[in-house]
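Chain residues, written in single-letter form:
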Amino acid sequence: MAKTKSRQFGTVIMNGEEYYRTRIKDQDGKRIALYGKTVRELSDKLEEATEQIANKTFSRTTPTVREYCEKWLLMKSANVRQTTLTDYTSKVKNYIIKPLGDMRMADVTLDDIRMALIPVSKKSASVYKSVNVLYNCIFTAAKESKVIKNNPAAGLSAKGGGIPQADKLPLTDKQVEKLLNTIKDLPPYVFVMLGLYAGLRREEILALQWDSVYLDAEAPYLTVCRAWHTEHNRPVILTDLKTPAAHRNIPLLDYLAECLRAAKKNSTSEYVVPNSEGNPLSYTQFKQLWAYITTRTTKERHYYRYENGKRIKHTVTPVLGEKAAHNGKVVYSLDFQVTPHQLRHTYITNLIHASVDPKTVQYLAGHESSKITMDIYAKVKYNKPSQLIGVLDNAFSVWD
């Protein structure tokens, strides 16, 4: 019997696993698909469905995963930012719809989801965790709306999944000095200064306008009230910030105020860090801005050239202090890597190490709670006995 039935069934690969599949018409003439991991399982489902259709009791009310995911994303569009929705849409499309989209919501099992998560486990730990959260949110919403009886994602755990990313350490004072000397007269200088000495996020720097920089105040400061995002490489400036706490006033240190005064004097744009036409940067333009820094590091890099009709890989290993072979104006001056977020990380870490109270650090960082600030940024400054003894002496000097 199994042999006979197997000839009636087609097969389909979903998430790397083979399923048997057949299609039948329900009592309303609508074609529906039935799936089974084995011929026996699908045969039983077919027999049960055929009997229910004959008795007009068959009901297939649950939508496909694709249909419900699209509906869920539409519902979320009413209460999340466009950038958040874009991120959700990308992850749902690639990691939920792609492996499971043709399955009915009611047919999805925990094993199906775990199989779908295998490719995601090769991504970063943060991506793995967020996809787990999306699975749970979508299937929880389906259960609450009585689309399904049970939530198969309830047993998921993102713990230990994905590839952990190496911690980005704050820049040392020597590294900061090297970086600023290297880019002193280059386009990213103002961006770097705002990150290092105001602790702004990238999207806050690129959205900053001169009307929010108060250089003539008795105590110069800037106001964070806009955020930069891109859609299809086009800049979008929003007044909807990451959180309410992101809206804050940052006092300007003297050398940052001097830097901004010089920049404003030569500026014809309303933006502090504009493109050549005075408009906010696109994503591609920001990458080009940051390339002034990356091209001056000693990080090994690769490029390809076609030689005799073949694509040949070449490797360049920059040597500190030497000029780039392709551009004599570029000197390899940085023996460390820098990311935009490291600038902000350096600012906040320096505040903590200077013993600024956590609530003040929280405010300047634009975090919703001081716990977030301390959990992310507070590190043990000293970890050797020879270093710690001085700290303990200071802490308990009252006993002397």
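What this report covers is the structure whose coordinates are included nearby. Please read these numbers as outputs of a predicted model, since none were measured by experiment.

### Looking at the overall build of the protein
Within the protein, the secondary structure is distributed over 15 helices and 12 strands. Within the span of the protein, comprising 400 residues, buried residues form 39% of the whole. A separation of at least 24 residues holds for 59% of the contacts in the protein among residues at least 6 apart in sequence. Accessible surface, the protein as shown: approximately 23900 Å² in total, 51% of it carbon and sulfur.

### With respect to the sheet that holds strand β8 (residues 248-251)
What the 3 strands build is an open sheet, ordered β4-β5-β8; its pairing is antiparallel. Because the sheet does not close on itself, it has two edges, and the strands there are β4 (213-214) and β8. In this structure, strand β5 (residues 221-224) lies alongside β8, joined through 4 bridges in antiparallel fashion. Residue L222 lies in a different strand from β8, and its bridge partner there is I250.

### Quick word on helix α11 (residues 283-294)
Here α11 contains 12 residues, and its C-alpha end-to-end distance of 16 Å stays within 8% of the 16 Å for a straight helix at 1.5 Å per residue. Buried within α11 we find F286, L289, W290 and I293. The buried residues of α11 occupy an angular sector of 90° when projected down its axis, which confines them to one face. Buried residues along α11 sit against α7 (173-182), α8 (189-198), α9 (202-207) and α12 (340-353).

### So, the packing of aromatic side chains
All told, the structure shown has 8 aromatic pairs when counted by the stated rule. A ring pair is formed by W72 and Y88, whose centres lie 5.9 Å apart and whose planes are at 40°; its orientation type is tilted. You can see W72 sitting in helix α3 (residues 65-76) and its partner Y88 sitting in helix α4 (residues 82-100), a full 16 residues away along the chain. W72 sits in the buried class, given a relative accessible area of 5%. Measuring from centroid to centroid gives 6.4 Å for W228 and F286, while their planes differ by 50°, and the two rings are tilted. Of this pair, W228 sits in strand β6 (residues 227-231) while F286 sits in helix α11, and the two are 58 residues apart along the sequence.

### Focus on a negative patch on the surface
A cluster of acidic side chains, namely D44, E47, E48 and E51, defines a negative patch on the protein surface. Position of E48 among the secondary structure elements: in helix α2 (residues 39-54).

### Digging into the packing of α12 against helix α13 (residues 358-365)
Packed helix pairs are characterised by how far apart their axes lie and by the angle those axes make with each other. The interhelical angle for the contact between α12 and α13, taken along N-to-C directions, is 165°, at an axis separation of 10 Å. Here α12 lies roughly antiparallel to α13, going by the angle between them. Note that α12 runs across α13; the crossing there is right-handed. Along the contact surface, α12 presents R344, Y347, I348, L351 and I352, while α13 presents V361, L364 and A365. Tallied by class, the residues present in the contact of α12 with α13 amount to 7 nonpolar, no polar and 1 charged.

### Re the pattern of salt bridges
Counted according to the given criterion, the structure contains 7 salt bridges. Between K91 and D87 there is a salt bridge, with the nearest N and O atoms lying 2.5 Å from each other. One end of the pair is K91 and the other is D87, both in helix α4 and 4 residues apart, which spans about a single turn. The partner of K178 in a salt bridge is D335, and the shortest N-O contact between them spans 3.4 Å. Taken together, the residues K178 in helix α7 and D335 in the loop between β12 (327-331) and α12 connect sequence positions 157 residues apart. The exposure class of K178 is partly exposed, given its relative accessible area of 34%. In this structure D335 comes out as partly exposed when scored by relative accessible area, which is 44%. The structure contains a network of salt bridges with shared partners spanning R201, E204 and R248.

Conventions we followed
- Residues numbered from 1 in each chain as written.
- Predicted model: local features only at pLDDT ≥ 70, side-chain atom pairs only at ≥ 80, totals over all residues.
- Heavy atoms only, no water.
- Helix = DSSP H or I, 4+ residues; strand = E, 2+ residues; numbered from the N terminus.
- Buried < 20%, exposed > 50% of the residue type's maximum accessible area, 1.4 Å probe, protein only.
- Contact = heavy atoms within 4.5 Å.
- Areas by Shrake-Rupley, 256 points an atom, 1.4 Å probe, with all protein chains shown as cover.
- Pairing = 2+ DSSP bridges.
- Expected span 1.5 Å × (residues − 1).
- Arc of directions from axis to C-beta.
- Phe/Tyr/Trp six-rings, centres within 6.5 Å; stacked < 30°, edge-to-face > 60°.
- Patch = residues over 30% accessible without salt bridge, like charges linked within 9 Å, V, L, I, M, F, W, Y side chains within 5 Å.
- Salt bridge = Lys/Arg side-chain N within 4 Å of Asp/Glu carboxyl O.
- Lys, Arg positive; Asp, Glu negative; His and termini not counted.
- Charge placed at Lys NZ, Arg CZ, Asp CG, Glu CD.
- Axes fitted to C-alpha atoms, helices over the stretch in contact; angles between N-to-C directions.
- Parallel < 35°, antiparallel > 145°, perpendicular 65-115°, else oblique.
- Left-handed = near helix turned anticlockwise from the far one by under 90°.
- Nonpolar A, V, L, I, M, F, W, Y, C, P; charged D, E, K, R; others polar.

Shape is all these values report; function is a separate question.
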